[in-house]
Amino acid sequence: MRVSRMQAVLRELLQGLRNTLWETLSEVWGRSPNNMVPIATSRTVLINRRPFSHLLPLPRYPGNTITTAKYTLLTFLPKNLFEQFRRLANFYFLCLAIIHVTINSPVSPLTSVLPLVLVICVTAVKQGYEDWLRHREDNKVNNSPSRVLLEGEVKEVPRREISVGDIVQVRRDEEFPCDLLLLTCHDVIEAKSDVTTGSCDVTTANLDGETNLKTFVCPVETRELRTHQQLWKLTATVQCQLPHANLYDFKGKMEVYRGSGLPTTASLNTDNLLPRGARLKNTSTVYGVAIYTGEETKMALNSKMTSNKFSIVEKSMNSFLAFFMVLLLVEVTVCTTLKYYLYGNDVSKIQKFWGTSFLKWDDELSGPGELEGVRVNTSDVNEELGQVQYLFTDKTGTLTENTMHLRQCSVEGVKYTDVGGDLHVLDEETNTTTPLRDLKDEVERFLVTLALCHTVKVAVPSPTMSKGGKKRSTNDTHLHTLTPDYQASSPDEKALVEACARYGIVFRGVKSNSITLDVRGQTRSYKRLQVLQFDPDRKCMSVVVREEASGRIWLLTKGAESSVLRRCADAAHQQPLHDTTLAHIDDYALLGLRTLVVARKELDYKHYQVFASQLSKARQVVEGREAAVREVTERMEAELRLLGATGVEDLLQEGVQETLEALRAAGIKVWVLTGDKVETAVNIAYSCGHFKRFMTVLSLTSLHDLHQAESVLQMCWEVSEEEGSYGLVVDGGSLVLLMEHHKRDFYDLCCRCWSVVCCRMSPRQKAEMVRLVKTAKERPRCAAIGDGANDVSMIQEAHVGIGIMGKEGRQAVTCADFGISRFQFLQKVLLVHGHWSYVRVAVFIQFSFYKNVVFNTPMVFYAVWSAFSTQSVYDGLLLTMYNITCTSLPVLVYSLVEQNLPSSVLLTRPHLYQLNANNAYMSWRVFFQWNLFALWHALVLYFGLMLVCYDDTCGLPHGQTSDLYLFGLTLGTLCVFVTNLKIALETNYFTVVFAGALVVAFLGQSAMYVIYCGLPVP
């Protein structure tokens, strides 16, 4: 019973290891383990293989050769040996044979070698014969005749010569030689003439086992083609999916060009594709263009490669052998890993630290007038810049300039616009403007409220020079009339206060909570009583002021329409104003303007005293202070009177559109997370190229209950299953429902879309969106970029956090891993420096393993050679200095200056960024490649030197013999030379510094031994 349990456990362990290896290789090769669907999404086929220009090369696709055999003459021996030694029994006895051959064994090596050779040879002959039979069948199929349209005539060619784009003729009861897009069908009616029928019957029993006939149809654009000349003159392209194994899934489109006009487009689906292996029935002749050929046909992709089978007895025996072999490997691995860690960790840290200097020294990442270049807060994630798959970005200050200008406003239901710094009335019907010569009372109230409801400060003006060269005093009366220089933490507030000053309502500053305004030449004073700061939950801010002249107390509020409008009075006479203002807000959003709603209400003194007392008590609460303050402010910010709304413009930063295009081409999905309203965010997304006009934009907004969320999500999911490009818009309120009840479905829908915009997002929701993607099953690498304090949570949640040195302070840069001054610099940071950093670090790590395997493996060989004595083949000095000096400098220089591709190439060809996707340089395949090279080099060095010293002279004169010291010195020197030459072969950017590092390493090792050997021995 115990044995059977152990067998079951070992079987599960081996199966898990097998699945893990298969998934790893699938990620390296870019295919999924189940359906083998490639990462790319489409291919283009030129019908008749006729390019539109002689300058354009034809796309290259695999030929129509089918291979079911496993071996060729060149691969038979190595591949067959590999297959046989995959059996643990054979591998185990091979190890025994090697040990018996290499040591002075009391048992003759023939006792293990001869049985092993006999078993291997007999098995190889048997498998070779079986594979020869498969080759014979493959040749019969590949050389079977097919008919292809060439130069306007149908010619017979071997099936293997069919290429993608060829038009192939197939007759009744014949098998389709490859996957064909049906163009036209001809049938004979009463032996008189051919007619086009538009459809044909096919049996697919060879593919899916169904014996019933299936009908396939021709595209409308080609079904009327009758003659060979018409087919040969057909100029068209087909864009379709890349090859995949699903027999019932084919999507694409065909563009047919006639004359010089625009092409006509026909959509394609599964009913248009004739799969290889199916047979034509009930139709005289069909013509189709080859879409998938050879190993890319659906039949081939659904055919499993021939593999060796194992009996249950052999599997059980393998489990027992695996147990003992894994036990030995664990012991060796633990010791080896500790050695690599002790020797390689410090150098890796030095490499990462120094490597950031090149990022900071890049002058192209410092814009004109910028005081700072790239800021690096941590050097631990340099290589992560080359692995980004998702980028989460804020909008305001990140994609836009965060330099605001008031462009339009709505006051009491009337639109106004800024024209040349003056306020004009905007006629909505004629779209004409009329200058506003005198401020109306309602406009004055609106502007006074904006000039009071803020936290802007006035900068103290410095003395300036007059035209006569004299210094002007700050008491100069002329200086008093100038617009003050405002400073604000929020660019929105500064823009609004500056606009008020342009229109005649000038904010002069605050002194001891006393506010001074110039209102059309008259000075007014207000006492600031309370400031209720903006917070993401309330989405508004308020101030309480007392007008000194009249003693009236006002509560002034501005904020998002979703917050302020619900706080306004619900009186019937106010509803038309609410509706008109909301319509104006939507208009501003369509123009890409940032919107705020302005309201106020008057407080009597007693009411204010109660409010001030409650607020003071709430602010004194230690536990739950925020909730207590929010409860008081909610009661105060109620029953407001709506005054109007503002539309502030925030221009796009330079180079944003080009950067987003480059990131998209690099395979990075960009999600915009912003607090703006939906219409504003969507319009900015279109203007910056995040959304394309040809995209289908799905919407998950204004979802109020679970049932509505489920139905809209299902509808969006069904739409996204069709062929096309998709974008997605979701708002914060809807996101709450989706994240709580349909998180996985929502994520899957997002993954189907290239562009995602999330609006009305709180900082917490931004971080939740990053976490949603970051913790997905695929574990993609995520980067986040923003410029404000509200982006800190998102930046810290991502694998790589990038802060913009913007106008909303430096908190984002301080909390981020990297800081840049402009969004456009992200293109070079990721595509160039990220690419280089990843390659440098990955090769550095692989080389660290490689050089230690090369150096330590000869000691294992020598232990076998010396009857497992404790004697080391190397001198103690070399053991100590090998990793410290002999082999550290060249690879360190490599990891700092290597440029496997020039920056100009990486910037102009952003798709090269995907070469490193999914940690390609650190895959198991690459790991084993490096270590197999290391084992081979160690084998050649040790046994090659043993061969040279076979006669004990090692080439020394006068018959002198070498000792262990000379042998170890020679072997160690060869290891140093070979490993350093290996990193020299890996470099693609050979510099004087790197060459100098090699010279220092070679000469330094020699000098070290000269000095060491010259020291006197006491």
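Above this note sits the structure.
Residues numbered from 1 in each chain as written. Predicted model: local features only at pLDDT ≥ 70, side-chain atom pairs only at ≥ 80, totals over all residues. Heavy atoms only, no water.

K.L.:
Would you explain the packing of aromatic side chains in this entry?
P.N.:
Any aromatic ring pair is given by two values, namely how distant the centres are and how the planes are angled relative to each other. Counted by the stated rule, this structure contains 20 aromatic pairs. Between Phe 977 and Phe 1002 the ring centres are 4.4 Å apart and the planes differ by 5 degrees, which places this aromatic pair in the stacked class. Residue Phe 977 is found in helix H29 (residues 964-986), and its partner Phe 1002 is found in helix H30 (residues 992-1014); the two are separated by 25 residues along the sequence. The exposure class assigned to Phe 977 is partly exposed, which follows from its relative accessible area of 31%. Ring pairs connect the aromatic residues Phe 861, Tyr 942, Phe 943 and Phe 967, which therefore count as one cluster. The side chain of Arg 600 reaches across the aromatic face of Trp 554, ending 3.9 Å from its centre. (Phe/Tyr/Trp six-rings, centres within 6.5 Å; stacked < 30°, edge-to-face > 60°. Helix = DSSP H or I, 4+ residues; strand = E, 2+ residues; numbered from the N terminus. Buried < 20%, exposed > 50% of the residue type's maximum accessible area, 1.4 Å probe, protein only. Lys NZ or Arg CZ within 6 Å of the ring centre and 35° of its normal.)

K.L.:
Which parts of the structure should I look at to understand the pairing of strand S2 (residues 145-150)?
P.N.:
Regular strands show a simple pattern: their side chains alternate between the two faces of the sheet. Pairing geometry for S2 and strand S3 (residues 153-158), over six bridges, is antiparallel. The partner of Val 148 across the bridge, within S3, is Lys 155. The antiparallel hairpin formed by S2 and S3 contains two residues in its connecting segment, where Glu 151 sits at a positive phi of about 55 degrees. (Pairing = 2+ DSSP bridges.)

K.L.:
Looking at this structure, how should I read the sheet that holds strand S16 (residues 390-393)?
P.N.:
Reading across from one edge, S15-S36-S35-S34-S16-S30-S33-S32-S31 is the order of the nine strands in this open sheet, with mixed pairing throughout. In this open sheet, the two strands that pair with only one neighbour each are strand S15 (375-376) and strand S31 (696-700). In this structure, S16 lies alongside strand S34 (residues 782-786), joined through four bridges in parallel fashion. Paired with Tyr 390 across the two strands is Cys 782, which belongs to S34. Those strands touched by helix H18 (residues 706-720) are S31 and strand S32 (726-731), and its axis lies near 165 degrees from that of S31. (Contact = heavy atoms within 4.5 Å. Axes fitted to C-alpha atoms, helices over the stretch in contact; angles between N-to-C directions.)

K.L.:
So what exactly am I meant to see when it comes to the pattern of salt bridges here?
P.N.:
When their charged atoms lie close together, side chains carrying opposite charge are able to pair. Following the criterion strictly, the structure yields 32 salt bridges and no others. We note a salt bridge from Arg 508 to Asp 518, for which the minimum N-O separation is 2.7 Å. Of this pair, Arg 508 sits in strand S23 (residues 505-511) while Asp 518 sits in strand S24 (residues 514-519); the two residues are ten residues apart in sequence, bridging distant segments of the chain. Of the charged contacts, one joins Arg 744 and Asp 748 as a salt bridge, the two residues approaching to 3.4 Å between their closest N and O atoms. Pair noted here: Arg 744 and Asp 748 are both in helix H20 (residues 743-751), with a separation of four residues, about one helical turn. Of the residues examined, Asp 748 reaches a relative accessible area of 22% and is grouped as partly exposed. Connected through shared salt-bridge partners, Arg 566, Arg 567, Glu 634 and Glu 637 make up one network. (Salt bridge = Lys/Arg side-chain N within 4 Å of Asp/Glu carboxyl O.)

K.L.:
Any chance you could explain unusual backbone geometry here in plain terms?
P.N.:
The bulk of non-glycine residues show a negative phi, and the bulk of peptide bonds are trans. In this structure, Glu 639 is a non-glycine residue whose phi angle is positive, near 60 degrees. You can see Glu 639 is positioned in the loop between helix H15 (625-636) and strand S29 (641-652). Even without a glycine there, the phi angle at Asn 918 is positive, about 55 degrees. Within the secondary structure layout, Asn 918 lies in the loop between helix H27 (903-908) and helix H28 (924-948). Residue class for Asn 918 comes out partly exposed when judged on its relative accessible area of 38%.

K.L.:
Would you explain the sheet that holds strand S11 (residues 264-268) in this entry?
P.N.:
Note on sheets: strands pair through backbone hydrogen bonds, and any given pair is parallel or antiparallel. Strand order across the open sheet formed by four strands is S1-S9-S10-S11, with antiparallel pairing between neighbours. Edge positions in the open sheet fall to strand S1 (43-46) and S11, since each of these has one partner strand only. Direction aside, the axes of adjacent strands within the sheet are offset by 20 degrees on average. Judged from the four bridges that link them, S1 and strand S9 (residues 235-240) form a sheet pairing that is antiparallel. Along S9, the bridge assignment pairs Thr 44 with Gln 239.

K.L.:
Please explain a nonpolar patch on the surface as it appears in this structure.
P.N.:
Together, Trp 865, Trp 936, Leu 939, Val 940 and Phe 943 make up an exposed nonpolar region whose accessible area comes to about 490 Å². Broken down by element, the nonpolar patch gets its largest block of residues, four residues, from H28. Mapped onto the secondary structure, Val 940 falls in helix H28. (Patch = residues over 30% accessible without salt bridge, like charges linked within 9 Å, V, L, I, M, F, W, Y side chains within 5 Å. Areas by Shrake-Rupley, 256 points an atom, 1.4 Å probe, with all protein chains shown as cover.)

K.L.:
Any chance you could explain the pairing of S32 here in plain terms?
P.N.:
Most of S32 is tucked away: six of the six residues are buried. Side chains Tyr 726, Leu 728 and Val 730 of S32 all project onto a buried face; the interleaved residues Gly 727, Val 729 and Asp 731 project onto the opposite face, where all are buried too. Sheet topology places S31 next to S32; five bridges connect them, and they run parallel. Counterpart to Leu 700 in the pairing with S32 is Val 730. What joins S31 to S32 is H18, and the crossover it makes is right-handed. Alignment of S32 against strand S33 (residues 755-759), held across five bridges, turns out to be parallel. In the strand pairing of S33, Asp 731 is matched with Cys 759. (Right-handed = clockwise from strand over helix to strand, strands pointing away.)

K.L.:
Whenever I open this one, the side chain of Asn 48 confuses me. Can you help?
P.N.:
With respect to the secondary-structure elements, Asn 48 resides in the loop between S1 and helix H2 (76-85). Here the side chain of Asn 48 touches Trp 232 through a polar contact of 3.2 Å, landing on its backbone oxygen. In this view, Asn 48 contacts Leu 149, Gly 165, Ile 167, Leu 231, Trp 232 and Leu 234; residues no more than four positions away in its chain are not counted. (Polar contact = N/O pair within 3.5 Å; in protein donor to acceptor, adjacent residues only side chain to side chain.)

K.L.:
How do you make sense of the nonpolar core when you look at a structure like this?
P.N.:
Most often, soluble globular proteins have nonpolar side chains that are buried together. One finds Tyr 874, Tyr 942, Phe 967, Leu 971, Cys 975, Ile 983 and Phe 994 to be the most contacted residues of the largest nonpolar core, which totals 43 residues. Counting only elements with at least two residues in this core, the list comes to helix H24 (826-865), helix H25 (876-886), helix H26 (888-897), H28, H29 and H30. With ten residues, the top contributor of residues to this core is H24. Residues within four places of Tyr 942 in sequence aside, it is in contact with Pro 858, Phe 861, Tyr 862, Trp 865, Phe 967 and Leu 971. (Core = buried A, V, L, I, M, F, W, Y, C linked by side-chain atoms within 4.5 Å.)

K.L.:
Explain H28 to me, please; I cannot follow it from the model alone.
P.N.:
Residues that lie three or four places apart on an α-helix share one face, since the helix turns once every 3.6 residues. Under the 1.5 Å per step criterion, the end-to-end length of H28 is 35 Å for 25 residues, consistent within 8% with the ideal 36 Å. Elements that come into contact with the buried residues of H28 comprise H24 and H29. (Expected span 1.5 Å × (residues − 1).)

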